[in-house]
Structures are given as structure tokens and as C-alpha cells.
Amino acid sequence: MKTLHIICALLLCAAVTACAQTPTNKVTVLDAVWMPKVYLDARKVHPPQDTFWKTVDFAKYLSPVSALRISNSNRQQQVSVYTYGAENFPIAVTGNKHIGTRKEWLLDKPIFTGGQSAVYDSVHFSLISHDNDRTDLWVGLAYGDGKMDSIQLAPVPKESAGAPLWMHANNYLAYYFKGKHFDIYDDKGALLYNDVNTDSSGAINGLPGYRSWSITSNNIFQVIADNQGDAGISSFNVAFKGENISLQPEQAAGPLNKTLVLKEKTNKN
């Protein structure tokens, strides 16, 4: 019986060891949030408030992997990713293919949404680092047809408070609209509302009958009426047209049920 207990204890110990991440599968780079280097370089040239971000193709910078987080605590490493259009989720390191000073860690398949799912369905992902440099990290992509590709990452530096990390979709729009003043026109150029303020608290001032604004999924700008009812919320698709913003009604009623053009007021005197 004592021998049986010893055998069971050894088996349990082996099982726990197998579930824990082995040292060879530990990603040996900095604990940090990493993003594509080309995107971080663009942010150095174009700060968040720059009009450059109004018309940029974010898929060029943030697809397929928008960000990667690596953290170590209690001798356990956690790796999580944001893919383009999807939320942050943990991802398992399943093995490695180290060759000399080139280290490669194999990853489980990331989660994608929409059309990205089909594009990357047969792609195998990995993390690559060279020369034991803890600031060197790449996402490797191995396609089903044998094509190979890689994306260089860099640690995210500290930035000014309130600046969004993801300069795309809802994150950027919520940042952009905060504390702005606009004149609102119809699509024929007639002034409808003067000096409308989208306050940083979420209140909207200068738009009669409406009390607040928000950004929802899929680049939707919403304004909420003072009195809730059938037409209590008006929703618009947002598109930047040069320096101006075009709002196309998705669900609107009354005087707002039309194409609106917002011209930002940089001088409010």
C-alpha cells in the first residue's frame, strides 16, 4: 500500500510538471506590451491628435496582430494577444524550434473575427527572437502554401495620459471627439448648428434636444435625446472626408435623419 501511495504521488507530480510551462518554452524577451514597430514609428512622427490618423489604413499597421503582452509572475509566464478586430486573449506557447541564437516559440492559433478568420485559418503563428536580445521580437507567419512572413514588434513606450494605444476604430473615434467643437452642415453646405461641443464627459452641447454622445462598435457615433422615446437615440456611420467628418444616418429621425458634415472649429473666438 505504501508503495502504491509513492507511485501515485510520483504520477501526480509528473502530471503537474507536464501542465506547467517548460523552461524551453518560456519566451525570453522583456515583460511588456509589444506592438508592430512600423505602427509605433508612425506614432513618433504623427501624435494621436494628428490629422494623419483620420484617413490611415489601420490594417496596414495593426494586422494581423495588433499587440502582444508578455508578463511573468509567480514563476509563470502569460502571453496574450490582440488580433486585428478582436479582444485580448491568452495564447499558449506549444513548443519551440530554436536554432543557434535564433529562438522561435510556436503558438496556438490566435482568434480572429470577420474576414480575418478565413485569411489566417491555415496560418501557423510563432514568436521569434535573435541573439539573446530581450528587445528583439517578431511574429512569424507560416502559410499553408509554404510562404513565410514576419512582423517586427517593439515595446510600447509611455505616452501622454489619455492617448489611446489602439489608434483605430472605436478607440480612436472616442479619443478624437472628446472636447471638440464643430459647426454642423447638411451635405449641400447649409449651416444647421453652430458650435456644437462634444464634451470630454460625454455630454453634447449646442445640439437642441440631445444631451450626450458616445462611440459604439463598428465606428458608430450616437447622440442621445433629452427625453427617451422611439427616437431617443440617433446613430451615424463615421467617415473622414479630408479635414471634415461625414455622418451617414444609420438609425435617426427628425432633423438629424440626413447626411451631416462636421467641420471642426480650431478657433472658438
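Note that the coordinates shown come from a computational prediction; the quantities given were computed from them, not determined experimentally.

About the thresholds
Residues numbered from 1 in each chain as written. Predicted model: local features only at pLDDT ≥ 70, side-chain atom pairs only at ≥ 80, totals over all residues. Heavy atoms only, no water. Phe/Tyr/Trp six-rings, centres within 6.5 Å; stacked < 30°, edge-to-face > 60°. Lys NZ or Arg CZ within 6 Å of the ring centre and 35° of its normal. Pairing = 2+ DSSP bridges. Helix = DSSP H or I, 4+ residues; strand = E, 2+ residues; numbered from the N terminus. Contact = heavy atoms within 4.5 Å. Axes fitted to C-alpha atoms, helices over the stretch in contact; angles between N-to-C directions.

(A) Here's a closer look at the packing of aromatic side chains. Summed over all chains, the structure comprises 15 aromatic pairs. Of the aromatic side chains, those joined through ring pairs into one cluster are Tyr176, Phe177, Phe182, Trp213, Phe221 and Phe240. The ring of tyrosine 143 carries lysine 147 above its face, with NZ or CZ at 5.2 Å from the centroid.

(B) Structural detail: the pairing of strand S9 (residues 148-155). With 3 bridges joining them, strand S1 (residues 32-36) and S9 adopt antiparallel strand pairing. Its bridge partner being in S9, proline 36 is matched across the sheet by leucine 153. What sits between strand S8 (residues 137-142) and S9 in their antiparallel hairpin is a turn of 5 residues, with glycine 146 showing a positive phi close to 95 degrees.

(C) The sheet that holds strand S2 (residues 65-73), seen in detail. Within the open sheet, the 9 strands sit side by side as S4-S3-S2-S1-S9-S8-S7-S6-S5. Their pairing is antiparallel. Taken across any chain shown, the strands that pair with only one partner, and hence form the sheet edges, are strand S4 (89-90) and strand S5 (93-96). Of the strands in this sheet, S1 and S9 are in contact with helix H2 (residues 37-45), which crosses S1 at around 90 degrees.

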